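Below, each chain spelled out in residue letters.
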2 protein chains.
Amino acid sequence: MIFENLGIAKQSEESHTGQDNESTSMTLAEKAYESLRHDIIRGAFQAEQPLRLADLKTRYDMGFSPLREALNRLQAERLVVAEALRGFKVAGLSVAELQDATRTRIMIESQALQMAIARGDDAWGAKIVGALYALKAQAARSGADKDVWELEARHHAFHRALLEACGSDWLLEFFERLYAATERYRIPILIESDVPTGRDIQAEHTALAEAAIGRNADLAVDLLRDHYTRTADTILGLMDAPKPKRRK
Amino acid sequence: MIFENLGIAKQSEESHTGQDNESTSMTLAEKAYESLRHDIIRGAFQAEQPLRLADLKTRYDMGFSPLREALNRLQAERLVVAEALRGFKVAGLSVAELQDATRTRIMIESQALQMAIARGDDAWGAKIVGALYALKAQAARSGADKDVWELEARHHAFHRALLEACGSDWLLEFFERLYAATERYRIPILIESDVPTGRDIQAEHTALAEAAIGRNADLAVDLLRDHYTRTADTILGLMDAPKPKRRK
DNA sequence: GCAAGCATGATTTTCGAAAATCTTGGAATT
DNA sequence: AATTCCAAGATTTTCGAAAATCATGCTTGC
């Protein structure tokens, strides 16, 4: 299956080194956390792969302590699984978890979106418009200007902007958790851009933004649900089937 | 306000030393996590209180490493707040957060309860009945047999049993997060059992269990909402008002 | 008198070594 | 041949010291 393409093969690529580092006043443990989270979500490690401390030590160039602290945080976020005296490994991926995460995500974000539409002010609308513009601009780039990670960052920023006015820190935290969990599943689509989706995803984003800003809560929630359901269905199709290129 | 009674005053009490310790095959870091989580939730530390490593070292009798790992996990759960190079402190409490947590909790648990009612089998019902029995038995005890922490454990077990058949790990995790967050606010009521609630809480639990097992989803959700709303209102009343005993 | 700068002690953060535990592979036994 | 036991190496976990940073109060200069 397509997912097996990720991971070990790419492991020799450069590791993330903490972009939004204020480089000063940022502890090594925080850098380790951001780098590891980044690398796990983006598939630099295989799912279930053991994370040996000696390897991480050389990869990120720091001692045990900050690495273990970062791994403990990631364990609490369920991106990493720890077993006593047997170390850490990357959390697994499964069809069941993707389905659960998608269902829960739709529920959480629908609620947050309704609340944001009820409470959002002009600053909220402005941020959505700006994020949508930036997202579409990046999506339109191809060739040398193409950058799936920048696209992914803007995609996240757009979806967060939609919900940010909801006024509930708890809902926003759960949004972030579910976004991270499902992003891991979307990586294959992101990288292999020749996966046929039969969708105009940026048109879906535009419609969603217009419904939200137009305070059409019912429509916006419907569009959000469809948006996530379609994405999940595409991924589920890839997870069952092997790569479409050469079917045996 | 009543909340100020907690914390530093009680800090000299014995610390939690990890009950469900399989004592073997449990690392110090895990014990530190459980003990710290236990002590924070139950108010052994004041809200916002700095958690100095030297103090924790003597309190829990272990070195820096396992303590810092535990604190990092708790930071990810938002029971502890970390500031770079300035250490850790217990997360704060606020009216706004209690309201947010209560609202979100009702939403999450309503969904989980509906799903559990739709999917639950006899084992699910049996666990609810058993948990309810144990809860009521403990609630009936007074005098020397009274044990608010055992009562609290059984209360948690009962509410978890209601939802456990929902089939969503994500919903169950969010339930646990919100339960822990709101438990911190309920401690004053638990300890000062003379707080007048004007409720028969065990009757509420019984009605809830019967509605769930009877597959009356709409009624069960209504009862759950009322149950949590009443509790939150009681606490909010205490948070604004000073202690009722001697008003100045 | 008051603010800025600085020394000092307190505290956090990080490292490398030591201790504890797991894993692997081979030898001994049945 | 299969199983158990054991030793050696690999790995995780924990500790205590060193490094880095923060907080406090004092001095200095204006």
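Bear in mind that the values here come from a model prediction, so they are computed numbers and not experimental data. (Residues numbered from 1 in each chain as written. Chains lettered and ligands numbered in written order. Predicted model: local features only at pLDDT ≥ 70, side-chain atom pairs only at ≥ 80, totals over all residues. Heavy atoms only, no water.)

Undergrad: What exactly am I supposed to notice about the side chain of His-227 of chain A here?
TA: Residues and elements named next belong to chain A. In this fold, His-227 is placed in helix α9 (residues 217-240). You can call His-227 buried: its relative accessible area is 4%. Once residues within four sequence positions are removed from consideration, His-227 is found in contact with His-155, His-159, Arg-199, Ile-201, Glu-204 and His-205. (Helix = DSSP H or I, 4+ residues; strand = E, 2+ residues; numbered from the N terminus. Buried < 20%, exposed > 50% of the residue type's maximum accessible area, 1.4 Å probe, protein only. Contact = heavy atoms within 4.5 Å.)

Undergrad: What is the right way to read the pairing of strand β3 (residues 87-90) of chain A from this model?
TA: Both faces of the sheet carry side chains from a regular strand, because those side chains alternate between them. Residues and elements named next belong to chain A. Alternating positions in β3 separate cleanly, Phe-88 and Val-90 being buried on one face and Gly-87 and Lys-89 remaining unburied on the opposite face. Relative to β3, strand β1 (residues 50-51) is paired through 2 bridges, and the arrangement is antiparallel. Bridge pairing links Pro-50 to Lys-89 in β3. Sheet topology note: the strand β2 (residues 80-83)/β3 ladder contains 4 bridges and is antiparallel. Of the residues in β3, the one forming a bridge with Ala-82 is Phe-88. Connecting the antiparallel pair β2 and β3 is a turn made up of 3 residues, with Leu-85 showing a positive phi of about 60°. (Pairing = 2+ DSSP bridges.)

Undergrad: Is there a simple way to think about the nonpolar core in this case?
TA: Within soluble globular proteins, side chains that are nonpolar tend to cluster in buried spots. Among the nonpolar cores identified, the biggest contains 70 residues, and Leu-113 of chain A together with Leu-113 of chain B are the most heavily contacted of them. Setting aside chain neighbours within four positions, we find Leu-113 of chain A in contact with Leu-162, Leu-163, Leu-208, Ala-212, Ala-220, Val-221 and Leu-224 of chain A. (Core = buried A, V, L, I, M, F, W, Y, C linked by side-chain atoms within 4.5 Å.)

Undergrad: What is the right way to read the interface of chain B and chain A from this model?
TA: Interface extent is often summarised as the accessible area lost during association of the parts. Residue-level contacts link 30 residues of chain B with 30 residues of chain A. Between chain B and chain A, a total of about 2,900 Å² is buried, with carbon and sulfur atoms accounting for 59% of that surface. Among the residues of chain B in contact with chain A, Glu-69, Met-107 and Trp-170 of chain B are the three that bury the most area, contributing 24% of the side total. At the boundary of chain B with chain A, the tally comes to 6 salt bridges. Across the salt bridge formed by Glu-69 of chain A and Arg-68 of chain B, the nearest N and O atoms sit 2.6 Å from each other. (Buried area = accessible area lost by both parts, 1.4 Å probe. Salt bridge = Lys/Arg side-chain N within 4 Å of Asp/Glu carboxyl O.)

Undergrad: Even after reading the chapter, I still don't get the relation of the copies chain B and chain A, so can you show me in this structure?
TA: Applying a rotation about an axis and a shift along it to one chain copy brings it onto the other copy. In the superposition of chain B on chain A (RMSD 0.0 Å, axial shift 0.0 Å), the rotation amounts to 180°. The superposition of one copy onto the other is thereby described by a two-fold rotation axis. Counting the interface residues of chain B, we find that 100% of their copies in chain A are interface residues as well, pointing to one common contact surface. (Least-squares fit on C-alpha atoms with pLDDT ≥ 70 in both.)

Undergrad: Please explain the sheet that holds β3 of chain A as it appears in this structure.
TA: Remark on secondary structure: sheet strands pair via backbone hydrogen bonds, oriented parallel or antiparallel. Here 3 strands make up an open sheet; going across it, the order is β1-β3-β2 (chain A) and the pairing antiparallel. With one partner strand each, in any of the chains shown, β1 and β2 of chain A form the two edges of the open sheet.

Undergrad: What should I look at first to understand the pattern of salt bridges in this one?
TA: All names here are of chain A. This structure, assessed with the given rule, holds 36 salt bridges over all chains. Ionic pairing is found between Arg-103 and Asp-100, a salt bridge with its closest N-O pair at 3.9 Å. Of this pair, Arg-103 and Asp-100 both sit in helix α4 (residues 95-119), 3 residues apart, which is roughly one turn of that helix. In this structure, Asp-222 and Arg-225 form a salt bridge, with 3.4 Å as the shortest nitrogen-oxygen distance. Placement of the pair is Asp-222 and Arg-225 together in helix α9, with a separation of 3 residues, close to one helical turn.

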